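Observations on chain architecture
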Amino acid sequence: MARVLEAPDGHDFYEVVYAFVRRVPPGKVVTYGQVAEMVEEMRLTARQVGVAMRYAPPDVPWQRVVGAGGYLPIAKRSPEAMQRQLALLRAEGVPFHPDDPYRVDMAKAQWFPGPSLFEPAEETR
DNA sequence: AGATTGACTGCAT
DNA sequence: CATGCAGCCAATC
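Residues numbered from 1 in each chain as written. Chains lettered and ligands numbered in written order. Predicted model: local features only at pLDDT ≥ 70, side-chain atom pairs only at ≥ 80, totals over all residues. Heavy atoms only, no water.

The description of an aromatic ring pair uses the distance of the two centres, along with the angle that the planes make with each other. Under the criterion given, the structure shown has three aromatic pairs. Relative to Tyr14, the ring of Phe13 lies with its centre 4.2 Å away and its plane at 20°, an arrangement referred to as stacked. Across this residue pair, the class does not change: Phe13 and Tyr14 are buried. An angle of 45° between the planes, with centres 6.5 Å apart, marks the rings of Tyr14 and Tyr18 as tilted. In this pair, Tyr14 and Tyr18 are both assigned in helix H1 (residues 13-21), four residues apart and thus about one turn of the helix distant. Per residue, the accessibility class of Tyr14 equals that of Tyr18, and both read buried. Residue placement shows Arg90 over the ring face of Phe96; its charged tip is 5.3 Å from the ring centre. (Phe/Tyr/Trp six-rings, centres within 6.5 Å; stacked < 30°, edge-to-face > 60°. Buried < 20%, exposed > 50% of the residue type's maximum accessible area, 1.4 Å probe, protein only. Helix = DSSP H or I, 4+ residues; strand = E, 2+ residues; numbered from the N terminus. Lys NZ or Arg CZ within 6 Å of the ring centre and 35° of its normal.)

With that settled, consider the nonpolar core. In this structure, Val17, Tyr18, Val35, Val49 and Met53 are the most contacted members of the largest nonpolar core, which totals 21 residues. For this core, the secondary-structure elements that each account for two or more residues are H1, helix H2 (32-38) and helix H3 (46-54). Ranked by residues supplied to this core, first place goes to H1 with six residues. Sequence-distant contacts of Val35, defined by excluding residues within four places in its chain, comprise Val17, Phe20, Val30 and Val49. Counting 13 residues, the second largest nonpolar core, distinct from the first, contains Met82, Leu89, Val104 and Met106. (Core = buried A, V, L, I, M, F, W, Y, C linked by side-chain atoms within 4.5 Å. Contact = heavy atoms within 4.5 Å.)

Before going further, it helps to examine H1. Along H1, seven of the nine residues are buried, which leaves the element largely enclosed by surrounding structure. Buried within H1 are the following residues: Phe13, Tyr14, Val17, Tyr18, Ala19, Phe20 and Val21. Packed against the buried residues of H1 are H2, H3 and strand E2 (65-66).

Within the secondary structure, Thr31 sits in strand E1 (residues 30-31). Beyond its immediate sequence surroundings of up to four residues, Thr31 is in contact with Val65, Val66, Gly67, Ala68, Met106 and Gln110.

A word on the side chain of Gln85. Tracing the backbone shows Gln85 in helix H5 (residues 79-92). A relative accessible area of 1% places Gln85 in the buried class. A polar contact is formed between the side chain of Gln85 and the backbone oxygen of Gln63, at a distance of 2.9 Å. At 3.1 Å, the side chain of Gln85 forms a polar contact with the backbone oxygen of Val65. When residues no more than four places from it in sequence are discounted, the contact partners of Gln85 are Trp62, Gln63, Val65, Val66, Leu72 and Ile74. (Polar contact = N/O pair within 3.5 Å; in protein donor to acceptor, adjacent residues only side chain to side chain.)

No statement about biological role is implied by the geometric values presented.
Rendered as structure tokens:
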């Protein structure tokens, strides 16, 4: 049976991940792997970020975290959640590939943080 | 303490 | 291009 991981208490890496994701501006996205790298000192893996997103508080824009290459890996686990994410992203104006409506155009939509995770976003070229 | 699971990823087939 | 699988780390049992 698939066990459900308990929601984190809130004093671990989850909070750091949430703080980072909250900085992703509307219309932009980051990848699970990217977030893991940003919090590199904590030795996170993309999977852990996924778990963190699953239990993300309401104020965290979880939909702005996508899979590598702009795909939505959540599709395998939960097609419904994928549809919701898709709708939210489109509503924000996130660009998708013209020939693949299920794939985010990372070249245009990927967001990169400033030098510090807590610094305001810097201009993305 | 060992096995299992999970909003992942990259390489192999 | 589609599947499969091992590696990744923390939480659970």
